[in-house]
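Structural features, examined
For reference, the chains in residue letters:
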Amino acid sequence: MISRLYDLSSVAVVKNYNLSKLSDQLNGQVLADLYKSGVRLGLVDVLWEHFSHLEYFCDALDLCENSTILFEFVLLAEKQKKCFGDLLVKTVCRYAALMTHQILEATSRCERCLRHDDEDDDDVLMFPKSLYPDRESSPVCDCSSTTLGGSCLCSLSGFCSGSVLARRAVSPDIALEPECSHNSEKYDLVCTQLLVLLNRGYKVVEFFVESGQIDNARNVITALLQIPITKNRVKADCVLSLLNVRLLQIHTVDCKFFEGYQIFTRTRARLKSSLYGSHLLALLYGEEASRMMALCKHKSAIKWVQKAIKHVRKELPTALTIEVFRQCCKICVASKLFAEAKALMMFSLKLSEETHGATHPCHAQTLLIYGFYLLNMSEIDESVLVYRQCLDIFLNTLGDVNLKTACARQALGLALFIQGYNHYNFPEALWQIEKSTQILENLLNSKHVFIAASWRLKALLLEGLAANTENEQVALENLKQAKKLYWACVKMSREIVGEMTVQTARYYEHVGKVYRVLGKPHKAEDCLVRAEFIMNHVLEEGSHESLGVTVHLATLYAFDLDKKTSAERLFLRCLRSLREIQDTHVSGVGVDDFIEMCYRGLLRVSDNRPDTQILIYSGTQTGGTSYRSKTSVTRQRKFCSRT
């Protein structure tokens, strides 16, 4: 009864009173309950007016830290065609430009010390009449700072932060000091306000990152990092480093690896020399490991994973600790270090559920990595269940038109594809991937690696459908459509990350395999040779990804082009390297499959050499023990002869 009365009173307060006036008089728990009541009743206009103030929104982030109330509010606003994210970006950019102006005023010589000279009139930073009605007009914007879409940050903030006066503070490493003693009090006040703004801006960035609004996060970070540094730089180092880590994360997502490297080196130097920020090195090293993994440099990625885990400290916030272990787990899975991945995964899952709760997007992000782990451990059914749970959380909190929801659909589609591969039952997998592609094309630029990855998954499904159908015409159409999608991936990858990259090489490999199925071995050879050249040039020596391309090329030589000598040489080279990888106890399904393909290929090219066949049966040619039984080898040999 008391609970019911409390809920009714909360509803009455939200409907009839101004939350902004009440926020200073109520405690945190009551305010959080009022926010919940407002969201439950769908009072978007009331909450919009309240949260449009940056101070109140950041206070709400603290109050509802482990709740999904603010995510649900943004989702409600989007259903009413209101974009709260854009409002937040404009607000932060406006405050950042105003802070830049105040810092430059506080660090310049005051009017009593200045000589009035007409030549200095161009150095005055001017603002819109709505804020400074005594000013005559705003100058034409000559700001060189742009967002990803090419729009000037001044168009978001309403200020011009690129004038001659603002560009006096271009160095990020030199703190501005007052030029005369008259401005010292003003300068101290501005320094305090700057720290408050940076902390609030970082909270907004974290909200955008958690809700999958990458473009908004990038714009806010760019605006905050353009603010000149003051004497309180030591106190601001932690926040500035966290902003740079988030920018590194965004650059990795966008495949801007060189820009990410620059940010990493600069931020690491800042944190190592900082008195307060050394505990953030774990988060930075985790992001660098992710960057190395995106470049398919597995050994370097594992090195940074080890450093990240070593630098985890009790001073690191729990949410960031979960993020570090989550990233390290994903990299361990991709590098076939399953024992280490399991330990990290179990710890991350337990800590995430205790910290965020079972329905928070951050916990769903951890579940996404857990599903990836299960998928690589061949626990397909469990992986599908985890991905479904993850997708449900994202749909309930972030909505359907969201980057993280689209990525969850991609992951679920891939798991369903693998689950139904034996029966070639792909309808739901195809629907999930097409839905994901549609969302990504609406949210992102027309050229983005996420879109290419979605096209690749759809092409894989089309290949599976072509292999199952008895209608040759339908199979041919599916293969042609898959080939078209793969070539589109190649073109997009070349435009985004360049020709000599692992991403482009993977797409060349897929095109080559489709050409082989279509009965065009020479075109398949061209694509596979190009993919092998790029992989060997870019990846570390002995990488199982480059060996995989070589195995497919050798298979083409053995079964389609009758180049038995070249095929045997490639098979033996790959088999030796793959067995070395297998002996390091990091092999998984992919490595074992490549070894099996090597043995099949060697049986094919040694039809007329019984002595070589005996060596293949025993496995002594690579210095190992017998790989499979005689019955299994005979069965595989019959399969190869039919092929």
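None of the values given here were measured: they were computed from a predicted structure. (Residues numbered from 1 in each chain as written. Predicted model: local features only at pLDDT ≥ 70, side-chain atom pairs only at ≥ 80, totals over all residues. Heavy atoms only, no water.)

**Some thoughts on the overall build of the chain**
Test applied: Only runs of H or I of at least four residues qualify as helices and only runs of E of at least two qualify as strands under DSSP, and these elements are numbered from the N terminus. Throughout this description, buried means an accessible area under 20% of the type-specific maximum (1.4 Å probe, protein chains only), exposed means over 50%, and partly exposed covers the range between. We call two residues in contact whenever any of their non-hydrogen atoms come within 4.5 Å of each other. Areas reported here follow the Shrake-Rupley algorithm with a probe of radius 1.4 Å; residue values treat only the protein chains shown as occluding.
When helices and strands are counted, the chain shows 29 helices and 0 strands. Considering the chain as a whole, with its 643 residues, one finds that 52% of them fall into the buried category. The contacts in the chain between residues at least 6 apart in sequence include a share of 68% that link residues at least 24 apart. In the form shown here, the chain has an accessible surface area of approximately 30600 Å², with 52% of it arising from carbon and sulfur atoms.

**So, the pattern of salt bridges**
Operational definition: Any carboxyl oxygen of Asp or Glu within 4 Å of a side-chain nitrogen of Lys or Arg constitutes a salt bridge here.
Tallied over the full model, the rule gives 18 salt bridges. Here D62 ties to K203 by a salt bridge, and the two come within 2.7 Å at their closest N and O atoms. With D62 in helix α5 (residues 54-63) and K203 in helix α9 (residues 184-210), the pair connects residues that are 141 residues apart, well separated along the chain. Its relative accessible area of 42% is what places D62 among the partly exposed residues. For E288, the salt bridge identified is with R291, shortest N-O distance 2.8 Å. Of the two residues, E288 and R291 both sit in helix α13 (residues 281-294), 3 residues apart, roughly one turn of that helix. Here the two residues E288 and R291 agree in accessibility, since each one is buried.

**Quick notes on the packing of α13 against helix α14 (residues 298-310)**
Packed helix pairs are specified by the crossing angle of their axes together with the interaxial distance, meaning the distance between the axes. Here is the rule we go by: In this description, a line fitted to the C-alpha atoms serves as the axis of each element, helices being fitted only across the stretch in contact, and the angle between N-to-C directions of two axes falls anywhere from 0 to 180 degrees. Just so you know how the angles are binned, under 35 degrees is roughly parallel, over 145 roughly antiparallel, 65 to 115 roughly perpendicular, and the rest oblique. For this classification, Asp, Glu, Lys and Arg are treated as charged, while Ala, Val, Leu, Ile, Met, Phe, Trp, Tyr, Cys and Pro are nonpolar and the rest, including Gly, are polar.
Close contact between α13 and α14 brings their axes to 8 Å; oriented N to C, the two are set at 170 degrees. With respect to each other, α13 and α14 are oriented roughly antiparallel. Residue-level contacts link A282, Y285, G286, E288, A289, M292 and M293 of α13 to H298, S300, A301, W304, V305, K307 and A308 of α14. A per-class count over the contact of α13 with α14 returns 9 nonpolar, 3 polar and 2 charged.

**Quick notes on the side chain of E596**
Applicable threshold: Definition of a polar contact: a pair of N or O atoms within 3.5 Å, with one able to donate and the other able to accept a hydrogen when the atoms are protein atoms, and with sequence-neighbouring residues admitted only if both atoms are side-chain atoms.
Of note, E596 is situated in helix α27 (residues 589-605). A polar contact is formed between the side chain of E596 and the side chain of R600, at a distance of 2.7 Å.

**So, a positive patch on the surface**
What counts here: Patch definition: residues with relative accessible area over 30% and no salt bridge; like charges joined within 9 Å; nonpolar side chains (Val, Leu, Ile, Met, Phe, Trp, Tyr) joined within 5 Å. We score Asp and Glu as negative and Lys and Arg as positive, and we do not count His or the chain ends. For this purpose, a charge sits on NZ of Lys, CZ of Arg, CG of Asp or CD of Glu.
Taken together, the side chains of K272, K303, K307 and K310 make up a positively charged region of the molecular surface. Counting residues per element, the positive patch draws most heavily on α14, which supplies 3 residues. As for its position among the elements, K307 is in helix α14. Residue K307 is classed as partly exposed on the basis of its relative accessible area, which comes to 31%.

**Structural notes on the packing of helix α21 (residues 449-468) against helix α22 (residues 472-496)**
This is how the line gets drawn: Note: crossing handedness is left-handed where the near helix turns anticlockwise from the far helix by less than a right angle, and right-handed where it turns clockwise.
Between α21 and α22, the least distance of the axes is 8 Å, while the angle of their chain directions is 160 degrees. Classified by the angle their axes make, α21 and α22 are roughly antiparallel. The element α21 and its partner α22 pack so that their crossing is left-handed. Residues V449, I451, A452, W455, R456, K458, A459, L460, L462, E463, L465 and A466 of α21 pack against A475, N478, L479, Q481, A482, L485, Y486, A488, C489, M492 and I496 of α22. Looking at side-chain class alone, the contact of α21 with α22 contains 18 nonpolar, 2 polar and 3 charged residues.

**A short note on the environment of D562**
Inspection of the secondary structure puts D562 in the loop between α25 (544-559) and α26 (564-583). Residues D562 and V605, 43 residues apart in the sequence, show an inter-C-alpha distance of 8.6 Å.

**Let's talk about the side chain of T68**
With respect to the helices and strands, T68 occurs in the loop between α5 and α6 (69-79). Since its relative accessible area comes to 10%, T68 is described here as buried. Side chain to side chain, T68 and E72 meet in a polar contact 2.9 Å long. Excluding residues that lie within four positions of it along the chain, T68 makes contacts with T359, H360, P361 and T397.

**Here we look at the nonpolar core**
Quick note on the threshold: Side-chain atoms within 4.5 Å link the members of a nonpolar core, which is a set of buried Ala, Val, Leu, Ile, Met, Phe, Trp, Tyr and Cys residues.
Core analysis: the largest hydrophobic core is formed by 182 residues, its most contacted members being F51, F57, V204 and L578. Counting residues per element, this core draws most heavily on α9, which supplies 13 residues.

**Things to note about the packing of aromatic side chains**
The geometry of two aromatic rings is summed up by the distance between their centres and the angle between their planes. Heads up, the condition is: Each aromatic pair joins two rings of Phe, Tyr and Trp (for Trp, the six-membered one) with centres within 6.5 Å, and gets the label stacked for planes under 30 degrees apart, edge-to-face for over 60, and tilted for any other angle.
A full pass over the atoms with the stated rule returns 14 aromatic pairs. Here the aromatic rings of F73 and F84 are separated by 5.2 Å at their centres, their planes lie at 75 degrees, and the arrangement is edge-to-face. One end of the pair, F73, is in helix α6; the other, F84, is in helix α7 (residues 84-107), with 11 residues separating them in the sequence. For the pair F73 and F84, one class covers both residues: buried.

**Examining helix α15 (residues 318-334)**
Going by this rule: One less than the residue count of a helix, multiplied by 1.5 Å, gives the span that helix is expected to have.
Helix length check: α15 (17 residues) gives 25 Å between terminal C-alpha atoms against 24 Å at 1.5 Å per residue, within 8%. Counting buried residues along α15, 13 of its 17 residues qualify, which places the element largely inside the surrounding structure. Note on α15: the residue one or two positions beyond its end, K336, has a positive phi of about 70 degrees.

**Let's talk about unusual backbone geometry**
You will see that C255, though not glycine, has its phi angle at about 60 degrees, which is positive. As for its position among the elements, C255 is in the loop between α11 (233-253) and α12 (257-272). Even without being glycine, K336 reaches a positive phi, approximately 70 degrees. Topologically, K336 is positioned in the loop between α15 and α16 (338-356).

**Quick notes on the confidence of the model for the chain**
The predicted coordinates ought not to be read in detail in places where the model reports low pLDDT. For clarity, the cut-off: pLDDT expresses, on a scale from 0 to 100, how confident the predictor is about each individual residue.
Confidence in the prediction of the chain, expressed as mean pLDDT, is 77, and 75% of residues score 70 or more. The weakest mean pLDDT in the chain belongs to helix α29 (residues 630-642) at 35; the strongest belongs to helix α18 (residues 380-397) at 93. Below pLDDT 50 for its whole length, residues 114-174 participates in 91 contacts with residues either more than four positions away or in separate chains. A low-confidence stretch, residues 620-643 stays under pLDDT 50, and its non-local contacts, those more than four residues away or across chains, total 41 contacts.

**A look at α22**
An ideal rise of 1.5 Å per residue puts 36 Å on 25 residues; α22 measures up with 36 Å between its terminal C-alpha atoms. Restricting attention to buried positions, one finds in α22 the residues A475, N478, L479, A482, K483, L485, Y486, C489, V490, M492 and S493. Its buried side turned inward, α22 meets α21 and α23 (502-517). Of the residues that open α22, the one with a side-chain oxygen 3.0 Å from the backbone nitrogen of Q473 is N471. Of the residues flanking the end of α22, it is G498, one or two places downstream, whose phi is positive at about 100 degrees.

**Side note on the state of the cysteines**
Keep this limit in mind: By disulfide we mean two sulfur atoms from cysteines, separated by a distance within 2.5 Å.
Evaluation of the coordinates by the stated rule reveals 0 disulfides. Free cysteine: C407, not disulfide-bonded; nearest cysteine sulfur from C390 at 9.8 Å.

**A look at the environment of K563**
Relative to the helices and strands, K563 is located in the loop between α25 and α26. Residues K563 and V605, spaced 42 residues apart in sequence, show a C-alpha to C-alpha distance of 8.8 Å. Aside from chain neighbours lying at most four places away, what touches K563 is E525 and Y557.

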